[in-house]
There are 2 protein chains.
Amino acid sequence: MSQYPAVEQTEMHPLRWGDPARAGALPEATRGLVEFAFGELSERAVVVDAPLPPCGLPAAALAELRARVGAEHVLLDDAVRRLRTRGKSTPDLLRARAGDLTDAPDAVVRPGSHDDVEAVLAWAVAHHVAVVPFGGGTSVTGGLVARREGFAGVVCLDLVRLKRLLAVDPVSMTATLEPGLRGPEAEALLAEHGLTIGHFPQSFQHATLGGFAATRSSGQSSAGYGRFDALVVGLRLATPRGEWRLGVAPATAAGPDLRQLVLGSEGTLGVITELTVRVRRLPAEKVYEGWHWPSFDAGADAVRTLVQGGLAPTVLRLSDENETAINLARPDAIGADEDAAAPAGGCLMINGYEGTDEAVAAQRERVTAALTALGGTPLGTGPGEAWAHGRFDAPYLRDSLLDVGVLVETMETATFWSNRDAVYAGVRTALAESLGDGALVLCHISHVYETGCSLYFTVATRAAADPLPQWLAAKAAVGDALVAAGATITHHHAVGTDHKPWLGAEVGALGTSVLRAVKADLDPTGILNPGVLIP
Amino acid sequence: MSQYPAVEQTEMHPLRWGDPARAGALPEATRGLVEFAFGELSERAVVVDAPLPPCGLPAAALAELRARVGAEHVLLDDAVRRLRTRGKSTPDLLRARAGDLTDAPDAVVRPGSHDDVEAVLAWAVAHHVAVVPFGGGTSVTGGLVARREGFAGVVCLDLVRLKRLLAVDPVSMTATLEPGLRGPEAEALLAEHGLTIGHFPQSFQHATLGGFAATRSSGQSSAGYGRFDALVVGLRLATPRGEWRLGVAPATAAGPDLRQLVLGSEGTLGVITELTVRVRRLPAEKVYEGWHWPSFDAGADAVRTLVQGGLAPTVLRLSDENETAINLARPDAIGADEDAAAPAGGCLMINGYEGTDEAVAAQRERVTAALTALGGTPLGTGPGEAWAHGRFDAPYLRDSLLDVGVLVETMETATFWSNRDAVYAGVRTALAESLGDGALVLCHISHVYETGCSLYFTVATRAAADPLPQWLAAKAAVGDALVAAGATITHHHAVGTDHKPWLGAEVGALGTSVLRAVKADLDPTGILNPGVLIP
């Protein structure tokens, strides 16, 4: 059985992140800290149940769509469309809270098979309707906000019915699954075979396999299991030009790796209808522990030494001084002071080891020796278990803070080790200049490579009367700072619409030209997620 | 100083593989074995110094080219053009031996910088001349045989002047180098910094970094260092539409990974003018050892167990019974019977460990325990050192055998572990059916992944009076067998012209369509290596 119990509800809250039952007020300790930082808090109004624009699709087109996939799988209900209006970026949430649901899809269609998806795409081409592939709805970069102009309408292609485990190959250690499986559902199915994908991003409880692939997701255990793009060995797509299968071997020299063109394509080139992924044996043992470092620099050097020495554990993250001070690794205990034994100041590292008992013990011994030699102080498993317990909970805080007038958001990037400090400084400066000195900026190293790491920033500030332009300005300042520092505009959140203005700076004019050429080839009429990703 | 001394000559033999000084007759022991297998040998005639077609480029075009890059860098000499006529595939060599030099380039141009390359491409567009990027000239798949029809001529773009180490980043463990550096040259430059790329394909002594990238090369130490496509973190290209730079971070979610579109593009999309690659510390210790397994199946299961258990050493290869019997791992000792202490029959595994003394000792201990538990018999370092000594020498044999009327060639593929046996049987059957039962087929597992492995076949047979159609038929039979078995048509030799008929079966009609669209975008007039790779 799975150690990741399936989340029961299939719908997120329309105005907030995650399980509606878990949405709620700030913990008292957190509220105290936030009031200390930003002054007295006051509740912000939220427009609940704002009206949706009516479905604008012609009756004849709708009738044809129903005929293709079954009438019961074409949904026009306001409640269904409301939950598929945009994703969960801060601009998405701010617009929804203000009652702006103008991006609502005209209809939600739920294909039950690859052939169904092809039929919907053919229908969309015939009627020139934009199609937004939809998995968990967890995009934090505007990836579900398709351009409506020039189209007869927009349909949400909800992949919720594509949830099968199609094949397990225990010899090759691969599994073939459908894209609509959410993280816990896929893990539960594989756990029956003693297997795991090992991909646990913060969105794990809600996001789907198709979304992980389409956005090049990276999970909290990426140091051990790898990024999702490194886990995918095969893909089946439905495109407006028909079926496309890729991935006949673990590796090949038969031309460019076209799988890597589909991974990260964010629904603009085709709809992923099957994925074959690497799987691993479910770990018998999991140990998460904390280490203390005198500074972010010292801790970052230790992280780099581990990964360049081939010693990276399964989970490896390092909070900077600010993040360590407010205990963000434990969202349930922010502001609390439970760990008086821990050294004051400095930085918290979380190491996680997963595998067989012997492998965990052996690796932990090697890492412990290396970190001790580098000057780290072991904190035992307490901080590690606290992190593991709260690892998927941080996004709930954003809504609870927005409720009381505090704007909090995350941004992430990756860069080479030699550029880490410049990127760190550049983003902090950009946020301070845009949001003012009162903004609180936290950071951690969340994913590591031999050549570099990701930097994951959290920023909190008092929300302006209209927080949307305030946030868009800060986001733009960070995008400019990342380009100036030579770092990527996103390490694991994809491009969507929010990062699109900076994609050209990252991949060059020829890069965007190539993306347009590929899209024109596979999607000649441009119906797939128009306006997303490709400038 | 480098442990891989630079090869002095810059030119390969025009009719054979490798260093002309090392080309020669078969060792006596090998000759005896081959005569035992195929009957009495007889020398085959070779047309030496066949005439080349004259340069067909108009004088005005040549003058303009000279003005762009310097007259001394535009070479029309027969000797220079002869050495850049095709590559080193068996069809390439058979045609050259028969005196067919119809594919000779009209001119050889040697750019000295990225800007020079852009200037040559602009010239080629203006005059509609086909351009063949040329590194070490080691292609074994017809990758240097461009289509001449429809063009005013063909020039060889010889990258021999682009040989600088541009930057070393010892913190990020990356280095930026120019594409014309051959393997030993790049290693010598990096060794001065205590670093290595760790990429040692059989072509290492002659092939260039640009070629490694353009063909998705994989080296003999790939289990430890990774495939070349996994080592490249950044690229600079010259295209007919200008400069293209890719790779701002170790990993990114900023859309599809366009580096993976350039890697494997075989000079059809642009010319790589700089590469940034991962580097590692030069290993202090290297240990190569042999293990004996009762069968190929038993050995393959052991290889799979190692790699799926995270225990893969730096080098890991396993010969099948046939290859073990004739001792192909030691080209200098084929047919010799020096190792009477080794068990008769069964299969030879070679393990190589590279790293610090402690890391090598620790890993060797873990691997030894695992292999012993799996039923392997350790053979000590003798077979490993013999393999390491002869690791780059096998290609010389092909020519020596061709000289005496024996056709010998290699083919390679990769597949998932569960499909290994079917692919192995399918290729052997195809070769037997095409070449007759007298053909000798050897195989080894040369590269390993958690999900599968490559299979590297060597076939030898008595050459027909005209061996070219004999070989083309066998090659086609293998291509069909690989497609039928669901394996890749090439794991590390690229597509060239020889594998092109099967590419569509591997990447689908939409895959070839996308490749054409990308080429049309970057190379609108199609001057770059026309006829290669893209069907």
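Being a predicted model, the structure only gives us computed values, none of them experimental.

Novice: Teacher, can you tell me more about the overall build of chain A here?
Specialist: Secondary structure assignment for chain A yields 18 helices and 18 strands. In terms of overall size, chain A behaves like a compact globule, its C-alpha atoms giving a radius of gyration of 23 Å where 535 residues would be expected to give roughly 24 Å. Here the C-alpha coordinates of chain A stretch approximately 70 × 60 × 45 Å along the principal axes. Considering only contacts within chain A whose residues lie at least 6 apart along the sequence, 77% involve residues at least 24 apart. A distance of 5 Å separates the average location of the 44 positive side-chain charges in chain A from that of its 62 negative side-chain charges.

Novice: Would you take a moment to explain the sheet that holds strand E2 (residues 107–109) of chain A for this structure?
Specialist: Strand pairing within a sheet occurs via backbone hydrogen bonds; the two strands may be parallel or antiparallel. All names here are of chain A. Pairing is mixed across the open sheet formed by 4 strands, whose spatial order is E1-E2-E4-E3. Edge positions in the open sheet fall to strand E1 (74–75) and strand E3 (130–134), since each of these has one partner strand only. Relative to E2, E1 runs antiparallel, the two being bridged by 2 bridges. Bridged to Val74 within E2 is Val109.

Novice: Got a minute to help me understand helix H16 (residues 420–435) of chain A in this structure?
Specialist: The α-helix advances 3.6 residues per turn, and as a result positions three or four apart in sequence lie on the same side. All names here are of chain A. Its 16 residues give H16 an end-to-end C-alpha distance of 22 Å, which sits within 8% of 22 Å, the value for a rise of 1.5 Å per residue. Those residues of H16 not exposed but buried are Arg420, Val423, Tyr424, Val427, Ala430, Leu431 and Leu435. Summarising the axial view, the buried residues of H16 lie within an arc of 135°, below the 170-degree limit, and thus occupy one face. Against the buried residues of H16 lie helix H11 (296–308), helix H12 (321–326), strand E16 (406–416), strand E17 (440–448), strand E18 (452–462) and helix H17 (467–485). Immediately downstream of H16, the backbone of Gly436 shows phi near 95°, a positive value.

Novice: How should I be thinking about the interface of chain B and chain A in this particular structure?
Specialist: Much of the literature gives interface size as the accessible area that the parts lose upon coming together. The interface is formed by 72 residues belonging to chain B together with 72 residues belonging to chain A. Here chain B meets chain A over a buried area of about 5400 Å², counting both sides, of which 65% is carbon and sulfur. Among the ionic pairs, A:Arg280 bridges to B:Glu450, the shortest N-O distance being 2.8 Å. Taken together, chain B and chain A are joined by 38 residue pairs in polar contact (both at pLDDT 80 or more). Listed by contribution, the elements that provide at least two residues to the side of chain B that touches chain A are strand E8 (232–239), strand E9 (242–246), helix H10 (259–262), helix H11 (296–308), strand E16 (406–416), strand E18 (452–462) and helix H18 (500–522) of chain B. Of the residues forming the side of chain B that touches chain A, the biggest block, 12 residues, is contributed by H18(B). In terms of residue class, the side of chain B that touches chain A is made up of 33 nonpolar, 24 polar and 15 charged.

Novice: Before we go on, may I ask you to explain helix H13 (residues 357–373) of chain A in this structure?
Specialist: All names here are of chain A. Its 17 residues place the ends of H13 24 Å apart at the C-alpha level, agreeing with the 24 Å of an ideal helix rising 1.5 Å per residue. Residues of H13 that are buried include every one of Val360, Gln363, Val367, Ala370 and Leu371, and no others. Down the axis, H13 shows its buried residues gathered within 105° of arc, on one side only. Residues of H13 that are exposed and point over 90 degrees away from its buried face: Glu358, Glu365 and Ala373. Once H13 finishes, Gly375 follows within two positions and takes phi at roughly 100°, a positive value.

Novice: Please explain the sheet that holds E16(A) as it appears in this structure.
Specialist: All names here are of chain A. With antiparallel pairing, the 7 strands of this open sheet are ordered in space as E15-E12-E14-E13-E17-E18-E16. The sheet terminates laterally at strand E15 (377–380) and E16, the two strands that pair on one side only. Neighbour-to-neighbour, the strand axes of this sheet turn through a mean angle of 20°, independent of strand direction. Relative to E18, E16 runs antiparallel, the two being bridged by 11 bridges. Bridge assignment links Met411 to a residue of E18, and that residue is Phe457.

Novice: What exactly am I supposed to notice about the environment of B:Pro133 here?
Specialist: All names here are of chain B. With respect to the helices and strands, Pro133 occurs in strand E3 (residues 130–134). The exposure class assigned to Pro133 is buried, which follows from its relative accessible area of 15%. The contact partners of Pro133, leaving out residues within four places of it in the chain, are Leu144, Leu157, Gly267, Val271 and Asn529.

Novice: Explain the confidence of the model for chain A to me, please; I cannot follow it from the model alone.
Specialist: For residues with low pLDDT, the predicted coordinates do not support detailed interpretation. Looking at chain A as a whole, the pLDDT averages 93, with 95% of positions reaching at least 70. In the predicted assembly, ipTM is 0.95 and pTM is 0.96.

Novice: Explain the packing of aromatic side chains here, please?
Specialist: Note on aromatic pairs: each is described by the distance of the centres and the angle between the planes. Within the structure shown, the criterion is met by 12 aromatic pairs over all chains. The structure contains a cluster of three or more aromatic residues connected by ring pairs, namely A:Phe200, A:Phe204 and A:Phe392. Across the ring face of B:Phe296, the terminal group of B:Arg420 is positioned such that the distance to the ring centre comes to 5.5 Å.

Novice: How should I be thinking about the nonpolar core in this particular structure?
Specialist: Side chains of nonpolar character tend, in soluble globular proteins, to be buried together. Counting 86 residues, the largest nonpolar core has A:Ile197, A:Phe228 and B:Ile197 as its most contacted members. What B:Ile197 contacts, discounting residues up to four positions off in sequence, is B:Leu177, B:Ala186, B:Glu187, B:Leu190, B:Leu209, B:Tyr225, B:Phe228, B:Leu231, B:Val277, B:Arg278 and B:Val279.

Novice: When you look at unusual backbone geometry in this model, what are you seeing that I'm missing?
Specialist: Generally, phi is negative for residues other than glycine and the peptide bonds are trans, each holding for most cases. Residues and elements named next belong to chain B. For Asp49, which is not glycine, the phi dihedral falls at a positive 55°. Position of Asp49 relative to the elements: it lies in the loop between helix H1 (28–38) and helix H2 (59–69). Its identity as a non-glycine residue notwithstanding, His128 has a phi of 55°, on the positive side. In this structure, His128 sits in the loop between helix H5 (114–127) and E3.

Novice: When you look at the pairing of strand E5 (residues 165–169) of chain A in this model, what are you seeing that I'm missing?
Specialist: Residues and elements named next belong to chain A. Relative to strand E6 (residues 174–177), E5 is paired through 4 bridges, and the arrangement is antiparallel. Looking at the pairing, Asp169 lines up with Thr174 of E6. Hairpin connection, E5 to E6: the antiparallel pair is bridged by 4 residues, and Met173 has positive phi, about 60°.

Novice: How do you make sense of the packing of helix H4 (residues 90–97) of chain A against H17(A) when you look at a structure like this?
Specialist: For any two helices packed against each other, the geometry comes down to the angle between their axes and how far apart the axes lie. Residue and element names in this part refer to chain A. Two numbers describe how H4 lies on H17: the axes approach to 10 Å, and their chain directions differ by 170°. Put simply, H4 runs roughly antiparallel to H17. Judged by residue contacts, Thr90, Pro91, Leu94 and Arg95 of H4 engage Pro467, Leu468, Trp471 and Leu472 from H17. Its residues assigned to classes, the contact of H4 with H17 shows 6 nonpolar, 1 polar and 1 charged.

Thresholds applied
Residues numbered from 1 in each chain as written. Chains lettered and ligands numbered in written order. Predicted model: local features only at pLDDT ≥ 70, side-chain atom pairs only at ≥ 80, totals over all residues. Heavy atoms only, no water. Helix = DSSP H or I, 4+ residues; strand = E, 2+ residues; numbered from the N terminus. Rg over C-alpha atoms; globule rule 2.2 N^0.38 Å. Contact = heavy atoms within 4.5 Å. Lys, Arg positive; Asp, Glu negative; His and termini not counted. Charge placed at Lys NZ, Arg CZ, Asp CG, Glu CD. Pairing = 2+ DSSP bridges. Expected span 1.5 Å × (residues − 1). Buried < 20%, exposed > 50% of the residue type's maximum accessible area, 1.4 Å probe, protein only. Arc of directions from axis to C-beta. Buried area = accessible area lost by both parts, 1.4 Å probe. Salt bridge = Lys/Arg side-chain N within 4 Å of Asp/Glu carboxyl O. Polar contact = N/O pair within 3.5 Å; in protein donor to acceptor, adjacent residues only side chain to side chain. Nonpolar A, V, L, I, M, F, W, Y, C, P; charged D, E, K, R; others polar. Axes fitted to C-alpha atoms, helices over the stretch in contact; angles between N-to-C directions. pLDDT = per-residue confidence, 0-100. Phe/Tyr/Trp six-rings, centres within 6.5 Å; stacked < 30°, edge-to-face > 60°. Lys NZ or Arg CZ within 6 Å of the ring centre and 35° of its normal. Core = buried A, V, L, I, M, F, W, Y, C linked by side-chain atoms within 4.5 Å. Parallel < 35°, antiparallel > 145°, perpendicular 65-115°, else oblique.

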